[in-house]
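What the coordinates show
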Amino acid sequence: MFFQVTPRSRYIEVIAKGREGVVVFPTYVPGSYLIRELERNLVEIEGVRISKNKFYVKGTFRYLVYASSKDQREAISTDDYLFINPPAVFPFSEVNEKYCVKLSLPSSWKVATTLRQEGDAFCADNYHDFADSPIEASPNLKLIEVDDMHVISTIDDVDVEIVRKVVGEADKVIQPSRKYVFHFRRSDKNFGGIEHRDSSAIVVPWNREELAILFAHEYFHRLNVKELYPADLRHNYEREVYTDLLWFSEGFTDYFAVKVAVRSGAIERKKGLERVLSALHSLTFPGAKRVSLAESSRTAWIKYYRQDENFLNSSVSYYDGGLALAFYADAKAQRGIEECFKTLRERSRGGAFTFDLLDKAMRELGFEELELAYKPAREILEAIREELGLEVVDEGKEYYGLVLEGNRVKFVEDGSPADRAGLLPDDQIVAVNGTSAPLRGEAEVLLLREGRVKRTKLSPGRNPGHSLRLKLTGKVAEKVFMGEVEGEYKSNVI
Ligand SMILES: [Zn+2]
């Protein structure tokens, strides 16, 4: 298919040319496990609607897409900026045919994409490659060479030295053979990144400091997810696909991002350990006793990507749990666990691997507990406590089991005193023992719930433990963080 694109503020107009027949608009973008109903952005189309995202069209048809996404997972069109994640704008008819796009832009605009240039069009040999190559354009676009293999495409400023350090360290494992583009954009409202084979799109708040970890995470995906991927993760653009292994694809990637950032000198050891502790913190909640990393991977579409106020009771983040398991494995294995990627490269089927292959690869490195991924995630925390001396510093101390945001209840821990007293997320604590003092000891609490005043008694109970401290020394510290390091994570649960 061929697409002629004319962007304008908030909209993208497309003239599509192909064969008469059915075209399909994807319902989600690969790499982001949420049915986004991307076709909701269609505002005009020449064709007969068959279903929510399928149309019968003539050989040539025109359509108009609303393009006002907040992040780089969809499409953004303004009078001086264009970003297209192709599945958000372009339909497919036959996946295995050539797709090209031509952009009608003023001559002052610059374009960045990893699509192959053919004359005045950008092309890919099939829809998978086409969908995996975002397009960014602006008169203000800067193409900053990190080195001869990596480019940053951005309208903002970025610390190139940090990216250079991170990429240099990550490439020791990745050993890339193709060029790579970082599409980078600042936003005071949004945050996120999404990986592609030869690029990534990163949106980050202006004040965000830990750019190194974010860049490293998205970059490491070119190996873990794009080159090597769970055998059952086959995208079809219309329905959810399930895998047990997102904890490896995302969590291990998160761990390597931290390790690479520390090793490259982009962040201090202490910062790296704090990130590990923050991941371990999320395993201290009831959800981690109920759910394994494998299950939380499978439910990504309905739990992690649609988190509600009860998430920490009902599930566990496969990012945090996977990071914790990777950290534990790296500390216990005889050799650095990045070596498992060598084995996967040699023995996977064209990049597709299973848990069994992964387990074998890790056993060869001297780590025999990968099955923790199929047990309640809390067991990973217990193993780290036992084997690496993790301290749970607030265990047994007085607590209510609440997270507050100002005076508003944000989270109620299952089985806690707050739970027993009947507090709900969104309750507002108006007074404690008739005063504006903070919660302490036995408390007569005045609540505001949906505009109604309510009185309840809150007695502190024993904290199951949420705040963590860890000191790494000796061989383990050397292997993981290149030296001794000590850190603490103070929980916001009171
Ligand atoms: Zn990721």
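Residues numbered from 1 in each chain as written. Predicted model: local features only at pLDDT ≥ 70, side-chain atom pairs only at ≥ 80, totals over all residues.

**Here's the deal with the overall build of the chain**
Stated formally: Helix and strand assignments come from DSSP, with helices taken as H or I runs of at least 4 residues and strands as E runs of at least 2, each series counted from the N terminus. The quantity called the radius of gyration is restricted to C-alpha atoms. Its globule counterpart is 2.2 Å times the number of residues to the power 0.38. Whether a residue is buried, exposed or partly exposed is read from the other C-beta atoms within 10 Å of its own C-beta, which are placed from the backbone; 20 or more gives buried, 12 or fewer gives exposed, and intermediate counts give partly exposed.
Helices and strands together make up the secondary structure of the chain, namely 14 helices and 31 strands. A compact globule built from 494 residues would reach a C-alpha radius of gyration of about 23 Å, and the chain, at 25 Å, matches this within 12%. Projected onto the principal axes, the alpha-carbon positions of the chain cover approximately 70 × 60 × 40 Å. Counting across all 494 residues of the chain, residues that qualify as buried make up 46%.

**Some words on the nonpolar core**
Put simply, the rule reads: Definition of nonpolar core: a set of buried Ala, Val, Leu, Ile, Met, Phe, Trp, Tyr and Cys residues joined via C-beta atoms within 7 Å. Residues are scored as being in contact if the C-beta atoms we place from backbone atoms lie within 7 Å.
Membership of the largest hydrophobic core comes to 106 residues, with the highest contact counts inside it found for V166, A216, A261, A324 and L325. For this core, the leading source of residues is helix α4 (residues 246–263), giving 11 residues. If we skip the residues at most four places from it in the chain, A324 touches A279, L280, L283, I380, L381 and I384.

**Considerations on the domain arrangement of the chain**
Let me state the cut-off plainly: Where each domain begins and ends follows an automated or database-derived domain assignment.
Segmentation of the chain into domains returns domain 1 (2–139), domain 2 (141–211), domain 3 (223–397) and domain 4 (398–462). Computed from C-alpha coordinates alone, the two centres of domain 1 and domain 4 are separated by 50 Å.

**Remarks on the UniProt feature "domain: PDZ" (unreviewed entry) in the chain**
This is how the line gets drawn: UniProt positions are given in the numbering used here, feature names are shortened, and annotations may be inferred rather than shown by experiment.
Residues annotated in UniProt with the feature "domain: PDZ" (unreviewed entry) correspond here to residues 387–441. Taken end to end, residues 387–441 has its terminal C-alpha atoms 35 Å apart, with 11% of it in helix and 33% in strand.

**A few points about the packing of helix α2 (residues 160–174) against α4**
For clarity, the threshold we go by: Every axis in this analysis is a line fitted to C-alpha atoms, fitted for helices over the stretch in contact. Angles between the N-to-C directions lie between 0 and 180 degrees. Two helices that cross are described as forming a left-handed crossing if the nearer one is turned anticlockwise from the farther one by less than a right angle, and a right-handed crossing if clockwise. Gly falls in the polar group here, along with every residue not listed as nonpolar (Ala, Val, Leu, Ile, Met, Phe, Trp, Tyr, Cys, Pro) or charged (Asp, Glu, Lys, Arg).
Running from N to C, α2 and α4 point in directions that differ by 115°, and their axes come no closer than 9 Å. You can see that α2 and α4 cross each other, and the crossing is right-handed. From α2, V166, E169 and A170 reach across to α4, where they touch V260, A261 and R263. Of the residues assigned to the contact of α2 with α4, the class counts are four nonpolar, no polar and two charged.

**Quick word on the packing of helix α5 (residues 269–281) against helix α9 (residues 318–332)**
Worth spelling out the cut-off: Convention used here: angles under 35 degrees read as roughly parallel, angles over 145 as roughly antiparallel, angles from 65 to 115 as roughly perpendicular, and any remaining angle as oblique.
Packing of α5 against α9 brings their axes to within 8 Å, and their N-to-C directions diverge by 120°. Between α5 and α9, the angle falls in the class oblique. As α5 packs across α9, the resulting crossing turns out to be left-handed. Contacts between α5 and α9 pair V276, A279 and L280 from the former with D320, L323, A324 and F327 from the latter. Grouping the amino acids of the contact of α5 with α9 by side-chain chemistry returns six nonpolar, no polar and one charged.

**Considering the environment of I84**
Along the chain, the position of I84 falls in strand β9 (residues 81–84). Look at I84 and you get buried, because 28 C-beta atoms sit within 10 Å. As for I84 and I12, which are separated by 72 residues in sequence, their C-alpha atoms are 9.5 Å apart. Beyond its immediate stretch of four places on either side in the chain, I84 contacts A75, V89, P134 and I135.

**Observations concerning unusual backbone geometry**
If a residue is not glycine, its phi is most likely negative; likewise, a peptide bond is most likely trans. The phi dihedral of E37 falls on the positive side, at around 50°, and the residue is not glycine. Checked against the element boundaries, E37 lands in the loop between β3 (21–24) and β4 (42–45). Since 13 C-beta atoms lie within 10 Å of it, E37 is described here as partly exposed. A positive phi angle, near 125°, is found at V225, a position not held by glycine. With respect to the element layout, V225 can be found in the loop between α3 (211–220) and β20 (229–230). Residue classification places V225 among the buried positions, given that 22 C-beta atoms sit within 10 Å.

**Thoughts on the sheet that holds strand β8 (residues 75–78)**
Heads up, the condition is: Should DSSP find at least two bridges between two strands, the strands are regarded as paired.
Strands sit in the order β8-β9-β14-β11 across an open sheet of four strands; the sheet is antiparallel. In the strand order of this sheet, the two ends are held by β8 and β11 (110–113), each with one partner. Averaged over all adjacent pairs, the angle separating strand axes in this sheet is 10°, with direction ignored.

**Here we look at the pairing of strand β10 (residues 99–103)**
Residues of β10 alternate between two faces, with Y99, V101 and L103 buried on one and C100 and K102 left unburied on the opposite face. Sheet topology places strand β1 (residues 2–8) next to β10; four bridges connect them, and they run parallel. When the bridges of β10 are listed, F3 appears paired with V101. Pairing of β10 with strand β13 (residues 121–124) involves three bridges; the strand directions are antiparallel. Looking across to β13, one finds that V101 is bridged to F122.

**Here we look at α3**
For α3, the buried fraction is high: nine of the 10 residues fall into the buried class. Looking at α3, one finds that the buried residues are A212, I213, L214, F215, A216, H217, E218, Y219 and F220. Structurally, α3 contributes buried residues whose contacts are with α2, β17 (180–186), β18 (192–195), β19 (199–204), α4 and α5.

**Side note on the environment of A431**
Mapped onto the fold, A431 is located in strand β26 (residues 428–432). On a C-alpha basis, the gap between A431 and N407 in space is 9.4 Å, while along the polypeptide they are 24 residues apart. If we skip the residues at most four places from it in the chain, A431 touches S436 and L446.

**Brief notes about the sheet that holds strand β22 (residues 391–392)**
Taken in spatial order, the three strands of this open sheet run β22-β30-β31, and their pairing is antiparallel. Of all the strands in the sheet, just β22 and β31 (485–489) have a single pairing partner and so form its edges. Note that strand β30 (residues 468–472) and β31 share five bridges and pair antiparallel. Opposite K471, over in β31, you have E486 as the bridge partner. Contacting β30 and β31, α5 crosses the sheet at an angle of about 40° to β31. Packed on one face of the sheet, helix α14 (residues 474–481) meets β30 and β31 and runs near 100° to β30.

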